Amino acid sequence: MRSILVTGCNRGLGLGLIKSLIKHEKSPEYIFATCRNISAADELKNIAASNDKVRLIEIDLKNYDKYPEVVKQVGDVVKDEGLNVLFNSAGISPRSSFIGIKGLKASELMDTYAVNCVAPLMLSKAFIPLLKMASDKNKSSPLGVGRAAIINMSSILGSIKLNTDGSLYHYRVTKSGVNAATKSLSIDLKNDKIMATALHPGWVKTDMGGPKAPLEVEESCDKMVETLFNLTDTHNGAFIQYDGKSLPW
Ligand SMILES: NC(=O)c1ccc[n+]([C@@H]2O[C@H](COP(=O)([O-])OP(=O)(O)OC[C@H]3O[C@@H](n4cnc5c(N)ncnc54)[C@H](OP(=O)(O)O)[C@@H]3O)[C@@H](O)[C@H]2O)c1
């Protein structure tokens, strides 16, 4: 993997992924980290200031019209080598997710859908030319991050089979949606040798995961990065968790 772009990197798992990618022995040459507001992303800015390979890109992922500008910023750096990995990490889970069907508001449901499902799918669409370029440049490599991959951060809460508790409508339906999108991408992009995988990070101590979560950001992110390097064609169109274990849809 020569290049990767991760979304939502000012805090939480996105920030953790950047740290894990930097310290990995096979650290990519180009690490693009997006966030909504660079001026307020102090920790990320410090990382970029001391690591030439980290480049910051500002984007609110609900601004779909700005995606071509993001692709251009990446393309200007990677040139005809393309982008190996698009990692859609940014996501939201409104507090009202916990209220159940009685508290469900259409506006909040649509907003969650915009960030958790529409954004990863539309950003994947925008990056297909650069991903295809990377895959074509690395024809001798097997399917995986050495060629081209889309990784969509999902959640075990998006698993329909494992839903025994109900509720959490905003979060569940949008993560099930991104799972469905990942599966279709894995089929549609198979001939271009671009793989697509849905990844659950575990239950992790972030603003979203809360303090009771059993996993630290570093452990989840180190394992996710290791799992990235171990992806093969068997993971195309698969739903897996941070340590590579398979999950039911
Ligand atoms: N933590 C867990 O236990 C857990 C479990 C399963 C799945 N996940 C998934 O893992 C991913 C990361 O979660 P996290 O725990 O790191 O959450 P987090 O700490 O709440 O961070 C969320 C990140 O997404 C960004 N984001 C939200 N809306 C955005 C938008 N419109 N445009 C650009 N960026 C936006 C946030 O940026 P701002 O600071 O600008 O809001 C922030 O960087 C999410 O997809 C989440 O669903 C987390």
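The model shown is predicted, which means the values in this text are computed figures rather than measured ones. (Residues numbered from 1 in each chain as written. Predicted model: local features only at pLDDT ≥ 70, side-chain atom pairs only at ≥ 80, totals over all residues. Heavy atoms only, no water.)

1. Let's talk about the overall build of the protein
Step number 1: Across its full length, the protein carries 6 helices and 7 strands.
Step number 2: Taken from the N to the C terminus, the helices and strands of the protein come in the order β-α-β-α-β-α-β-α-β-α-β-α-β.
Step number 3: For 249 residues, the compact-globule estimate of 2.2 N^0.38 gives 18 Å, and the C-alpha radius of gyration of the protein, at 17 Å, lies within 12% of that figure.
Step number 4: Referenced to the eigenvectors of the C-alpha coordinate spread, the extents of the protein come out at roughly 50 × 40 × 35 Å.
Step number 5: Counting all 249 residues of the protein, 51% fall into the buried class.
Step number 6: Summed over its atoms, the accessible surface of the protein is roughly 11,700 Å², and 53% of this surface lies on carbon and sulfur atoms. (Helix = DSSP H or I, 4+ residues; strand = E, 2+ residues; numbered from the N terminus. Rg over C-alpha atoms; globule rule 2.2 N^0.38 Å. Buried < 20%, exposed > 50% of the residue type's maximum accessible area, 1.4 Å probe, protein only. Areas by Shrake-Rupley, 256 points an atom, 1.4 Å probe, with all protein chains shown as cover.)

2. Structural notes on the pattern of salt bridges
Step number 1: The final tally for this structure, using the stated rule, is 15 salt bridges.
Step number 2: Note that Glu-43 and Lys-19 form a salt bridge whose closest N and O atoms lie 2.7 Å from each other. Separated by 24 residues along the polypeptide, Glu-43 in helix H2 (residues 42-50) and Lys-19 in helix H1 (residues 12-23) bring together distant segments of the chain.
Step number 3: Residue classification places Lys-19 among the partly exposed residues on the basis of a relative accessible area of 37%. (Salt bridge = Lys/Arg side-chain N within 4 Å of Asp/Glu carboxyl O.)

3. A look at the sheet that holds strand E7 (residues 239-241)
Step number 1: One open sheet holds the 7 strands; their spatial order is E3-E2-E1-E4-E5-E6-E7, and the pairing between them is parallel. Each end of this open sheet is capped by a strand with a single partner; those strands are strand E3 (54-58) and E7. Going from strand to strand, the sheet's axes swing by 20° on average, the running direction of each strand aside.
Step number 2: In terms of strand pairing, strand E4 (residues 85-88) meets strand E5 (residues 149-153) through 4 bridges, oriented parallel. The partner of Phe-87 across the bridge, within E5, is Ile-151.
Step number 3: On the sheet, H2 packs against strand E2 (30-35) and E3 and is oriented at approximately 140° with respect to E3. (Pairing = 2+ DSSP bridges. Axes fitted to C-alpha atoms, helices over the stretch in contact; angles between N-to-C directions. Contact = heavy atoms within 4.5 Å.)

4. Quick notes on the pairing of E2
The side chains of a regular strand alternate between the sheet's two faces.
Step number 1: Within E2, 6 of the 6 residues are buried, leaving the element largely enclosed by the surrounding structure.
Step number 2: Pairing geometry for strand E1 (residues 3-6) and E2, over 4 bridges, is parallel. Paired with Ile-4 across the bridge in E2 is Ile-31.
Step number 3: Crossover E1 to E2 through H1 is right-handed.
Step number 4: In terms of strand pairing, E2 meets E3 through 5 bridges, oriented parallel. (Right-handed = clockwise from strand over helix to strand, strands pointing away.)

What is shown is where atoms sit, not what they do.
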